[in-house]
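Structural overview
Here's the letter readout for the chains.
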Amino acid sequence: MTNRSYRPRNPGHDYYGTGTYLITLVVSGREPLLGCLGNDATNPEVQLSPLGKAVQQVWKQTPEKQAEHGNHVVVHACICMPDHFHGVLEVLEPMRWSLGDIVQAFKAACTSQWQYAQGLLNSTNRPISVDWKSPRVPDWLREKARNHYNEGTLVRSLSKKQRQEYYALLGRERRPLFDDNYDDTVCLDNRQREAMIAYVQDNPRRAILRRTLPDVMQRCLHVQIGGHSYGTFGNLFLLRWANKVQVQCHRKHPISGLPYEETADYASQHAQWETAILDGATVIVTPGISRGELLMKNECLEKGYPLIHIQKDPIGPYWKPERQRFDACANGSLLVLAPWELDRMDAVAGVPSDTDYSRFHNLNHLAAEICNFSGNAKIIRN
């Protein structure tokens, strides 16, 4: 897992076809230009700045603007947080443009609103202009300026790398509103679409909780625990609890062949796990992969039992758990761990490490290590 600001595009996905996406854009430099967040998690809201209101309006106009180019899209939800933006967009028919083109058009329109409010020309239509004698000017830009190409060369004609170098020389107000990149999460079904919309609407509450409960809502990108490194989110203090119990269940009973969670052996183990929890000072540790593990993981989340959940998906700078696990973190009862380089661990029984079979065994091996861990986690990078 690398420390990227955004996940890479989903390989193999057709971004010209139909689909629903959760789009995330970050204001350059994480400046809180779009509004101000309150402190009341029971009544969470963002007081939008004039720019935030303009960005929200541009989003609502996206279907109309895209229809002019023959693209049929609808927008379902959006939220302007102080320093970033979330929106859910659905593509109803195959397009001439890609999703990236639509996002870029939205970003350019937002930048135009910001720069118009400052009395500036749109950044993409403004001729480049620099002091070519300055030692800070890169050679390629100095050459353009020296030969007076700047008078007719527009910013939009520059490559992405050239624009980044050019904007670095200018004041913040002359740069684009949002970072160059963006994040998209592809929706797989109607249920996930509703979850995306709920996530967008719940963002102010989540942000307030993270700000007011920093100890139990901590996200760390690189934590050393025993002999392995993890990305983490939640209450790291759970690692120091006196007793940690691993929940590991195979899918089928080795003798009867029945689903393991339907057997008397599972019922007996479950009773032992619950007794240990209720006796105090016990944390359940599990990846929650098999049905039996998943049932126990969900029971911990529902009842507020202390839980360390080891997941295979990486934790990056903007990763957040879904609502149930987020609320468990806010209550101090959950720590989510995501091992670095899970697919580079040893193959299991000759099965490659990047298969579900080996991931299942490797994650449970890590759960056993966590149960035996008694030291302090070393935070290398937040």
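The following paragraphs examine the structure supplied in this document.

Counting 27 residues, the largest nonpolar core has Leu25, Val55, Phe85, Leu99, Phe106, Leu177 and Phe178 as the members making the most contacts within it. The set of elements that each furnish at least two residues to this core consists of strand E1 (19-26), helix H1 (50-60), strand E4 (73-80), strand E5 (84-91) and helix H3 (99-117). Among the elements that line this core, the one with the most residues is H3, at six residues. Val245, Tyr260, Tyr266 and Cys300 belong to the second largest nonpolar core, which has 26 residues in total.

This next bit is on the pattern of salt bridges. When charged atoms on two side chains of opposite charge get close, those side chains can pair. Going through the model one piece at a time under the given rule, you end up with 14 salt bridges. Put simply, Arg30 and Asp83 hold a salt bridge, and the shortest N to O gap is 3.2 Å. Placement of the pair is Arg30 in the loop between E1 and strand E2 (35-37) and Asp83 in the loop between E4 and E5, with a sequence separation of 53 residues. With a shortest N-O distance of 3.7 Å, Asp313 and Lys312 are connected by a salt bridge. By relative accessible area, which is 43% here, Asp313 ends up partly exposed. We classify Lys312 as partly exposed; its relative accessible area is 45%.

What follows deals with empty space enclosed by the protein. To find leftover empty space, a probe the size of one water molecule is rolled over the atoms. On inspection of all chains with the given rule, the structure shows two cavities of 30 Å³ or more. A volume near 40 Å³ is recorded for the second largest cavity. Counting only elements with at least two residues in the lining of the second largest cavity, the list comes to E1 and H3. Of all the elements, H3 adds the most residues to the lining of the second largest cavity, at three residues.

A few words on the sheet that holds strand E7 (residues 218-225). Spatially, E9-E10-E11-E12-E8-E7-E13 is the arrangement adopted by the seven strands of the open sheet, whose pairing is mixed. Of all the strands in the sheet, just strand E9 (243-246) and strand E13 (378-381) have a single pairing partner and so form its edges. Averaged over all pairs of adjacent strands, the angle between strand axes in this sheet comes to 30°, irrespective of strand direction. Packed on one face of the sheet, helix H7 (residues 264-278) meets E9 and strand E10 (282-286) and runs near 140° to E10. Helix H8 (residues 291-303) rests against E10, strand E11 (307-310) and strand E12 (334-339) of the sheet, and its axis sits at about 135° to E11.

Moving on, we get to H7. The terminal C-alpha atoms of H7, which comprises 15 residues, lie 21 Å apart, in line with the 21 Å expected from a rise of 1.5 Å per residue. For H7, the complete set of buried residues consists of Tyr266, His270, Trp273, Glu274, Ala276 and Ile277. Looking down the long axis of H7, one finds its buried residues gathered within 160° of arc, a one-sided arrangement. In H7, the exposed positions angled more than 90 degrees off the buried face are occupied by Ala264, Gln272 and Leu278. For H7, the secondary structure elements touched by its buried residues are E9, E10 and H8. Among the residues trailing H7, Gly280 stands out with phi positive, at a value near 95°.

So, on to the sheet that holds E4. Pairing is antiparallel in the open sheet, where four strands are placed in the order E4-E5-E1-E6. Each edge of the sheet is formed by a strand with only one pairing partner; in this case those strands are E4 and strand E6 (183-186). Pairs of neighbouring strands in the sheet enclose a mean axial angle of 20°, with direction left out of account. Looking at chain direction, E1 and E5 are connected through eight bridges and run antiparallel. Bridge pairing in E5 links Thr20 to Glu90.

Here we take up the packing of aromatic side chains. Here the structure, examined in full by the defined rule, presents eight aromatic pairs. A network of ring pairs unites the aromatic residues Trp59, Phe85 and Phe106 as a single cluster. Residue placement shows Arg206 over the ring face of Phe326; its charged tip is 4.4 Å from the ring centre. Positioned over the ring face of Phe360 is Arg251, at 5.6 Å from the centre of the ring.

Interhelical geometry of helix H6 (residues 190-212) versus helix H9 (residues 323-330) gives an angle of 25° and a closest axis separation of 11 Å. By the angle between their directions, the pair H6 and H9 is classed as roughly parallel. The hand of the H6/H9 crossing is left-handed. When H6 is examined against H9, the residues Asp202, Arg205, Arg206, Leu209 and Arg210 are found in contact with a partner set consisting of Arg323, Phe326, Asp327 and Ala330. Looking at the contact of H6 with H9 residue by residue, the class counts come to three nonpolar, no polar and six charged.

Conventions used here
- Residue positions are counted from 1 within each chain, in the order its sequence is given.
- Per-residue local features are limited, in this predicted model, to residues with pLDDT of at least 70; the limit for side-chain atom pairs, both in listing and counting, is 80 or more; totals at the level of whole chains, interfaces and linings are taken over all residues.
- As a rule here, side-chain values cover all heavy atoms of the structure and leave hydrogens and water aside.
- Here, the term nonpolar core denotes a set of buried Ala, Val, Leu, Ile, Met, Phe, Trp, Tyr and Cys residues that are joined through side-chain atoms within 4.5 Å.
- Only protein chains enter the accessibility calculation, which uses a 1.4 Å probe. A residue is then buried if its area is under 20% of the maximum for its type, exposed if over 50%, and partly exposed in between.
- Going along the chain from the N terminus, every DSSP run of H or I of four or more residues is numbered as a helix, and every run of E of two or more is numbered as a strand.
- Note on definitions: salt bridges are taken to be side-chain nitrogens of Lys or Arg within 4 Å of carboxyl oxygens of Asp or Glu.
- Lining residues are defined by having an atom within 4 Å of a point belonging to a cavity or pocket. Those points lie on a 1 Å grid over the protein atoms alone, cavities being sets where a 1.4 Å probe fits but cannot get out and pockets being open sets with protein on both sides within 12 Å along at least five of seven lines.
- Grid points are joined across faces, edges and corners, and a volume is the space filled by probe spheres set on the points.
- Each pair of strands is called paired provided DSSP finds at least two bridges between the two strands.
- The axes used here are C-alpha line fits, helices contributing only the stretch in contact, and every angle between their N-to-C directions lies in the interval 0 to 180 degrees.
- Throughout, a residue-residue contact means that at least one pair of heavy atoms, one from each residue, lies within 4.5 Å.
- Every helix has an expected span of 1.5 Å times one less than the residues it contains.
- By construction, the arc corresponds to the directions joining the helix axis to the C-beta atoms.
- Two rings from Phe, Tyr or Trp (for Trp, the six-membered ring) form a pair when their centres sit within 6.5 Å of each other. Planes less than 30 degrees apart are called stacked, planes more than 60 degrees apart edge-to-face, and all others tilted.
- The rule is short: NZ of Lys or CZ of Arg within 6 Å of the ring centre and within 35 degrees of the ring normal puts a charge over the ring.
- Roughly parallel here means an angle under 35 degrees, roughly antiparallel means over 145, roughly perpendicular means 65 to 115, and every remaining angle is called oblique.
- Crossings are assigned a handedness: left-handed for a near helix turned anticlockwise from the far helix by less than a right angle, right-handed for a clockwise turn.
- Under the scheme applied here, ten amino acids are nonpolar (Ala, Val, Leu, Ile, Met, Phe, Trp, Tyr, Cys and Pro), four are charged (Asp, Glu, Lys and Arg), and all others, including Gly, are polar.

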